[in-house]
Amino acid sequence: MRYLGLDLGSKTLGIAISDVTGTIATKHSIIRHNEEYERLVLEVLDLVQLEQIDKIVLGYPKNMNNTIGYKGELSLEFKKMLEQKINIPILLQDERLTTKEAENILISNHTRRKKRKQVIDSLAATIILQEYLDKEKKKYE
C-alpha cells in the first residue's frame, strides 16, 4: 500500500511518498500554489495516478490547546476539495510542531537558510507521513 503525505502551507504544498510496503516515508517534492487550490487538487490527482497511491495523509494543523484555527480550517476545506476529485481515503494527521521539527533537522544538518526554505515543507510532509505510518504499524504489533 502506498501513501501520499501532504503538508499544505500558505504558498507551497509539501509532498512525501511511502514505499510500497507503507513503512518508510520519503520526501518527494513541493508544489507552489499561490492559493490556486483547484489547480493544486488536479496536480495531486495526477500524482496519485502516476504513483499508484492508495491513501492520502494530509497534515492537520491544530493549535497547541487543541482548537482549530484558520490553517486547520483551510486543511479541512482542501480535504473536501480532494475528496470531490480523488476516490481514495484522505486521512488527517495532527501536524503540530512538524515544521519546527523539520527546521531543527535542517539546522542540525547545517542546511543554509535559503535551502531550508526550499525543502522544509516536503520534509514536514515526510514527518507527517512517517508519524502516521508508525502509528498504524503500532496498531498491528
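Structure: above.
An account of the accompanying structure is given in this report. (Residues numbered from 1 in each chain as written. Predicted model: local features only at pLDDT ≥ 70, side-chain atom pairs only at ≥ 80, totals over all residues. Heavy atoms only, no water.)

### Some words on helix α1 (residues 37–51)
Right, so step 1: Taking 1.5 Å of rise per residue, 15 residues should cover 21 Å, and α1 covers 21 Å from first to last C-alpha, within 8% of that figure.
Right, so step 2: Those residues of α1 not exposed but buried are Tyr-37, Leu-40, Val-41, Val-44, Leu-45, Leu-47 and Val-48. The buried residues of α1 occupy an angular sector of 165° when projected down its axis, which confines them to one face. In α1, those exposed residues whose orientation departs by more than 90 degrees from the buried face are Glu-38, Gln-49 and Leu-50.
Right, so step 3: The inward-facing, buried residues of α1 abut β1 (3–8), β2 (12–18), β3 (25–32), β4 (55–60) and α2 (70–85).
Right, so step 4: Positive backbone phi, approximately 55°, marks Gln-52, located one or two places after α1. (Helix = DSSP H or I, 4+ residues; strand = E, 2+ residues; numbered from the N terminus. Expected span 1.5 Å × (residues − 1). Buried < 20%, exposed > 50% of the residue type's maximum accessible area, 1.4 Å probe, protein only. Arc of directions from axis to C-beta. Contact = heavy atoms within 4.5 Å.)

### Side note on the sheet that holds β4
Right, so step 1: The strand order across the open sheet built from 5 strands is β3-β2-β1-β4-β5, with neighbouring strands paired in mixed fashion. In this open sheet, the two strands that pair with only one neighbour each are β3 and β5 (90–94). Each neighbouring strand pair of the sheet contributes to a mean axis angle of 25°, computed without reference to strand direction.
Right, so step 2: When β4 meets β5, the two strands line up parallel, connected through 5 bridges. Bridged to Gly-59 within β5 is Gln-93.
Right, so step 3: Along the sheet, α2 contacts β1, β2, β4 and β5; its crossing angle with β4, the most-contacted strand, is approximately 160°. (Pairing = 2+ DSSP bridges. Axes fitted to C-alpha atoms, helices over the stretch in contact; angles between N-to-C directions.)

### Looking at the pairing of β3
Right, so step 1: Where β2 and β3 come together, 7 bridges link them in antiparallel fashion. Of the residues in β3, the one forming a bridge with Ser-18 is Ala-25.
Right, so step 2: Counting the residues in the hairpin turn of β2 and β3 gives 6 residues, including Gly-22, whose phi is positive at 70°.

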